[in-house]
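Residue-level listing of the chains:
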Amino acid sequence: MKQSDVNRLCREADACLRRLGWALPPNAQFAATDFGLGDYRAAGLVEVLLANEPEYCEKIMYAGENMSTPAHTHGKKKEDIICRSGAIRLTLWNENPRLNPANGSVSVQINREMRTLSSGEAFVLKPGERITLTPGIWHEFSPSAPDTLIGEVSTWCDEATDNFFADPKVDIFHAIEPDEPAEFGSFSAEVPS
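Note that the structure is predicted; figures quoted are calculated from it, not measured. Within each chain, residue numbers correspond to sequence positions counted from 1 in written order. Confidence filtering applies because this is a predicted model: local features only for residues at pLDDT of at least 70, side-chain atom pairs given and counted only at 80 or more, and all residues used for totals across whole chains, interfaces and linings. Just so you know, side-chain values use all the structure's heavy atoms and leave hydrogens and water out.

Peer 1: A description of the overall build of the chain should follow, citing residues and the corresponding values.
Peer 2: Numbering of helices and strands starts at the N terminus; helices are DSSP runs of H or I of at least 4 residues and strands are runs of E of at least 2. Each helix and strand counted, the chain has one helix and 13 strands in total. For the chain, the α and β elements follow one another from N to C terminus as α-β-β-β-β-β-β-β-β-β-β-β-β-β. Only C-alpha atoms enter the radius of gyration, while the globule expectation follows 2.2 Å times N to the 0.38, with N the number of residues. Taken against the 2.2 N^0.38 rule, which gives 16 Å for 193 residues, the C-alpha radius of gyration of the chain at 16 Å falls within 12% of a compact globule. Projected onto the principal axes, the alpha-carbon positions of the chain cover approximately 50 × 35 × 35 Å. Residue burial is assigned from relative accessible area. The probe radius is 1.4 Å, only protein chains are included, and a residue is buried under 20% of its type maximum, exposed over 50%, and partly exposed in between. Scored against the burial criterion, the 193 residues of the chain give a buried share of 48%. Once local pairs closer than 6 in sequence are excluded, the contacts in the chain between residues at least 24 apart make up 74%. Positive charge is attributed to Lys and Arg, negative charge to Asp and Glu, and no charge count is given to His or to the chain ends. By convention, the charge on Lys lies at NZ, on Arg at CZ, on Asp at CG and on Glu at CD. Where the 18 positive side-chain charges of the chain centre and where its 29 negative ones centre are 4 Å apart. The contact criterion used is simple: two residues touch if any of their non-hydrogen atoms lie within 4.5 Å.

Structure follows, in structure tokens:
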């Protein structure tokens, strides 16, 4: 991914946040990725780190319409994904969807109520709605409306050892080609304070 693409995505995210009235902390840290897949318009995400403590982490995330975060799970991290604006299309699986056909169901908490969903079936979170994802629940998400902001509140995550993607080509630590200077402060991984 080129630094010019990172800058472009971060500018889009910053403009969306400002348009929707989000006040970011001073010197906000941005991270943009194409997940190492080479097409950020298909698989891409911008994260803005709001809090990063040993006990918890908070982010606000931006992706343009149809930009997905590929199917993944965590070994230890528990997270709430919150629709802050727009709409988030999510798909959940009880097993790695690349290795196993979708079958069975997934029990998950949505808006603080337990629900049972069919594995592999997509659904939408509307503004204010949230889903609590526990380790082992495979999930993929993407905006399905303009100006979608995705909140995340989670336990701390070691990005290097606790992210498991269904597609083995995904690389969240891919090198950035320095074709222009960085415009936004960045972070490469969550590190406990």
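Let us keep going from here.
Peer 1: Residues and numbers for the packing of aromatic side chains, please.
Peer 2: To describe a pair of aromatic rings, one takes the distance between the centres and the angle between the planes. Geometry of aromatic contacts follows a simple scheme: Phe, Tyr and Trp rings, the Trp one being its six-membered ring, pair when their centres are within 6.5 Å, and the pair is stacked under 30 degrees between planes, edge-to-face over 60, tilted otherwise. Under the criterion given, the structure shown has two aromatic pairs. Where F30 meets F184, the ring centres are 4.7 Å apart and the plane angle is 50 degrees; that geometry is what we call tilted. Placement of F30 in strand 1 (residues 29-33) and of F184 in the segment after strand 13 (163-165) is noted, with a sequence separation of 154 residues between them. Between F35 and F165, the aromatic rings sit 6.0 Å apart at their centres with planes inclined by 55 degrees, giving tilted as the arrangement. One end of the pair, F35, is in the loop between strand 1 and strand 2 (45-52); the other, F165, is in strand 13, with 130 residues separating them in the sequence.

Peer 1: Give me the lowdown on the sheet that holds strand 6 (residues 88-93), citing residues and values where you can.
Peer 2: Across the sheet, which stays open at both edges, the five strands sit in the order 9-6-11-4-13 with antiparallel pairing between neighbours. Both edges of this open sheet fall to strand 9 (122-125) and strand 13, since each of them pairs with a single strand only. Taking each pair of neighbouring strands and ignoring which way they run, the sheet shows an average axis angle of 35 degrees. Note on pairing: two strands pair once DSSP finds at least 2 bridges between them. Lines fitted to the C-alpha atoms define the axes, with helices restricted to the stretch that makes contact. Angles between their N-to-C directions range from 0 to 180 degrees.

Peer 1: Which residues make up the nonpolar core, and what values do they have?
Peer 2: In terms of nonpolar packing, the biggest core is built from 41 residues, with L92 and I131 touching the most fellow members. If you tally residues by element for this core, the top one is helix 1 (residues 3-19), at six residues. Only buried Ala, Val, Leu, Ile, Met, Phe, Trp, Tyr and Cys residues count toward a nonpolar core, and they belong to the same one when joined by side-chain atoms within 4.5 Å.

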